[in-house]
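Residue strings, one per chain:
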Amino acid sequence: MNCRADMLAKDMSDLEEDEDLEVFSKKLLLTDDDPAANSPSSMLNQYQPDEDERQTGGAKDLLVTVDSPESRVTAIETFIVYRVVTKTARSEFDSCEYEVLRRYQDFLWLRSRLEESHPSLIVPPLPEKFVMKGMVERFTDDFIDTRKKALHRFLNKIAEHPTLSSSRHFQLFLTAQDFSSRKKPGPGLLSRMGETVRAAANSVRGVKSRPQEFTLMQEYAERFGCRISSVDKVSRRIVKEQREHLDELKQYGPLYGQWAQAEEELREPLNLVARCVERCGKEAEERMRHLSAVLVPALHDYALYAEVLKTVTKRRDAIQADLETKNEALASKKSDREDAELEKEVDALADRLETANGALKADWVRWQSNMRDDLKWAFISTAEKNVECYEKCLAVWESFLLSQRRDPVEDAG
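Residues numbered from 1 in each chain as written. Predicted model: local features only at pLDDT ≥ 70, side-chain atom pairs only at ≥ 80, totals over all residues. Heavy atoms only, no water.

Caption draft 1: Examining the side chain of Asp301 more closely. Relative to the helices and strands, Asp301 resides in helix H10 (residues 267-332). Relative accessible area serves as the criterion here: at 18%, Asp301 is assigned to the buried category. Discounting residues that sit within four places of it in the chain, Asp301 has contacts with Pro125 and Arg153. (Helix = DSSP H or I, 4+ residues; strand = E, 2+ residues; numbered from the N terminus. Buried < 20%, exposed > 50% of the residue type's maximum accessible area, 1.4 Å probe, protein only. Contact = heavy atoms within 4.5 Å.)

Caption draft 2: Quick peek at the packing of aromatic side chains. This model, assessed by the stated rule, comprises 15 aromatic pairs. Centre to centre, the rings of Tyr220 and Phe224 are 5.8 Å apart; their planes meet at 15°, and the pair counts as stacked. Pair noted here: Tyr220 and Phe224 are both in helix H9 (residues 212-260), with a separation of 4 residues, about one helical turn. For Tyr220, a relative accessible area of 19% corresponds to the buried category. The class for Phe224 is buried, based on a relative accessible area of 11%. Seen from their ring centres, Tyr302 and Tyr305 are 5.0 Å apart, and the 25° between their planes marks the pair as stacked. One end of the pair, Tyr302, and the other, Tyr305, are both in helix H10, 3 residues apart, so they sit about a helical turn from each other. The burial state of Tyr302 is the same as that of Tyr305; both residues are buried. Residue placement shows Arg102 over the ring face of Phe179; its charged tip is 4.1 Å from the ring centre. Its guanidinium or amino end placed over the ring of Tyr104, Arg147 lies 4.1 Å from that ring's centre, counting from NZ or CZ. (Phe/Tyr/Trp six-rings, centres within 6.5 Å; stacked < 30°, edge-to-face > 60°. Lys NZ or Arg CZ within 6 Å of the ring centre and 35° of its normal.)

Caption draft 3: Region of the structure containing the state of the cysteines. In this structure the tally under the stated criterion is 0 disulfides. A disulfide-free cysteine, Cys389 has its sulfur positioned 6.9 Å from the sulfur of Cys393, the nearest such atom. (Disulfide = S-S within 2.5 Å.)

Caption draft 4: Representation of the nonpolar core. Val64, Val84, Phe107, Leu110, Leu155, Phe170 and Leu174 are the most contacted members of the largest nonpolar core, which totals 31 residues. Elements with a contribution of two residues or more to this core: strand E1 (62-73), strand E2 (78-88), strand E3 (97-103), helix H4 (104-117), helix H5 (141-159) and helix H6 (168-175). If you tally residues by element for this core, the top one is H5, at 7 residues. If sequence neighbours within four positions are ignored, Phe170 has contacts with Leu62, Val64, Leu110, Leu155, Ile158, Ala159, Leu164 and Ser165. Listed in part, the 30 residues of the second largest apolar core include Phe214, Phe224, Ala284 and Met288. (Core = buried A, V, L, I, M, F, W, Y, C linked by side-chain atoms within 4.5 Å.)

Caption draft 5: Layout of the pairing of E2. Counting buried residues along E2, 8 of its 11 residues qualify, which places the element largely inside the surrounding structure. Taken together, the 10 bridges between E1 and E2 define a ladder with antiparallel strand orientation. Bridge pairing in E2 places Leu62 opposite Thr88. The antiparallel hairpin formed by E1 and E2 contains 4 residues in its connecting segment. (Pairing = 2+ DSSP bridges.)

Caption draft 6: Region of interest: the packing of H9 against H10. In the contact formed by H9 and H10, the axes pass within 7 Å of each other and the chain directions differ by 165°. In terms of orientation, H9 lies roughly antiparallel with respect to H10. Along this stretch, H9 crosses H10, giving a crossing that reads as left-handed. In terms of residue class, the contact of H9 with H10 is built from 28 nonpolar, 12 polar and 12 charged. (Axes fitted to C-alpha atoms, helices over the stretch in contact; angles between N-to-C directions. Parallel < 35°, antiparallel > 145°, perpendicular 65-115°, else oblique. Left-handed = near helix turned anticlockwise from the far one by under 90°. Nonpolar A, V, L, I, M, F, W, Y, C, P; charged D, E, K, R; others polar.)

Caption draft 7: Region of interest: H5. Taking 1.5 Å of rise per residue, the 19 residues of H5 would be expected to cover 27 Å, and the 27 Å separating its terminal C-alpha atoms lies within 8% of that figure. Those residues of H5 that fall on the buried side of the exposure criterion are Phe143, Ile144, Arg147, Lys148, Ala150, Leu151, Phe154, Leu155, Asn156, Ile158 and Ala159. On its buried face, H5 is in contact with E1, E2, H4 and H6. (Expected span 1.5 Å × (residues − 1).)

Caption draft 8: Geometry of a negative patch on the surface. A surface patch of negative charge is lined by Glu241, Glu244, Asp247 and Glu248. Considering the arrangement of structural elements, one finds Glu248 in helix H9. The exposure class assigned to Glu248 is exposed, which follows from its relative accessible area of 57%. (Patch = residues over 30% accessible without salt bridge, like charges linked within 9 Å, V, L, I, M, F, W, Y side chains within 5 Å. Areas by Shrake-Rupley, 256 points an atom, 1.4 Å probe, with all protein chains shown as cover. Salt bridge = Lys/Arg side-chain N within 4 Å of Asp/Glu carboxyl O. Lys, Arg positive; Asp, Glu negative; His and termini not counted. Charge placed at Lys NZ, Arg CZ, Asp CG, Glu CD.)

Caption draft 9: Spotlight on the packing of H4 against H6. It is the contact of H4 with H6, at a shortest axis distance of 9 Å, that shows an interaxial angle of 165°. Classified by the interaxial angle, the pair formed by H4 and H6 is roughly antiparallel. Between H4 and H6 lies a crossing whose hand is right-handed. From H4, Asp106, Phe107, Trp109, Leu110, Arg113 and Ser117 reach across to H6, where they touch His169, Phe170, Leu172 and Phe173. Among the residues forming the contact of H4 with H6, the class breakdown is 6 nonpolar, 2 polar and 2 charged.

Caption draft 10: The pattern of salt bridges, seen in detail. All chains considered together, the criterion is met by 29 salt bridges. Close ionic contact of Asp145 with Lys148 constitutes a salt bridge, the shortest N to O distance being 3.3 Å. Of this pair, Asp145 and Lys148 both sit in helix H5, 3 residues apart, roughly one helical turn. Given the relative accessible area of 28%, Asp145 is considered partly exposed. A relative accessible area of 19% means that Lys148 is categorised as buried. Glu328 is the partner of Lys208 in a salt bridge, and the nearest nitrogen-oxygen pair spans 2.3 Å. Residue Lys208 is located in the loop between helix H8 (189-205) and H9, and its partner Glu328 is located in helix H10; the two are separated by 120 residues in the primary sequence. Residue Lys208 is classed as exposed on the basis of its relative accessible area, which comes to 66%. Owing to a relative accessible area of 42%, Glu328 belongs among the partly exposed residues under this scheme. Through salt bridges with shared partners, a single network forms among Lys250, Glu285, Glu286, Arg289, Lys385, Glu388 and Lys392.

Have a look at this one:
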């Protein structure tokens, strides 16, 4: 075995450390004489996505963090409370820092109040209330951690919104220590059912002269929802399959070590293969962890956003449908008194529709920009992590191959 192969074989025993692996792949393998030096993946690894590119504004004046989940048990229920820490420089807050405890139903209250106060704005979605089949069980560490991160993203989306972040309901949520006694109850079940029935009736009846831009919005929401929901489902299935593959990979490496004990002449290469499999397993685990933490949450959030888009366009249509109904009623009235009352209602609805149109158009543009930035960053970050992990695995297996090469002079002798 030549000197270089001896050196590589020695370094294989130290592959537990990332620093050794980096030296391995960059200084020993990727030389001018090595074909791998011109590998496209090596060039791709030079690209580093800059998270600063995602920042669309200057320094934030409202920072919110959700952390430290704790289980609470009462006589009638078990639930999780989360710590919500707020740091702000805004003048409407009495202090620059707050720390409160909130449970999931408090987040539901906040979102409901924001939708009620701003029906024409795209209010960020919350994670689903109930666990779907095939997902982790409720109250497990994985589930709680996943929900905590989703609630964190929810609050920060609101904090970044130019209108929602100034809501008095949002301020109350972030600051009130006696929140349960200060929050006002939302619409009752009958009221919500009534709104649902009216929205359904307006949907069936439709509007007669919807502006084309809002028709395009509805069509976009339908297409976007179908496509991203499919990608979201497949991505989560891939993570599940990768987790199963990783579990098998963790059993695979030690088998070579056991085999090496029974094969004296193959002991060295078998032990090296065992270390290679173990190291690649760690890289696969890191890649899966990154996928679960970055791409999958982004896709799932925007799959939930698709339903929000459909709902907000229906609310706009409901206002226009009411206006058209009042206009028809006004045309059929003969009494001057009835005309005057209906004219007031028509004028009020016309103003409300104009306000809703303007708010939705502006928020739609803002949402699309944020969506593209978020997904683009998730795709680039995931691609960069994939290349990084694959290149490390490539370096591991290349080192094994080089360690097994025999010196031609030695073979001739």
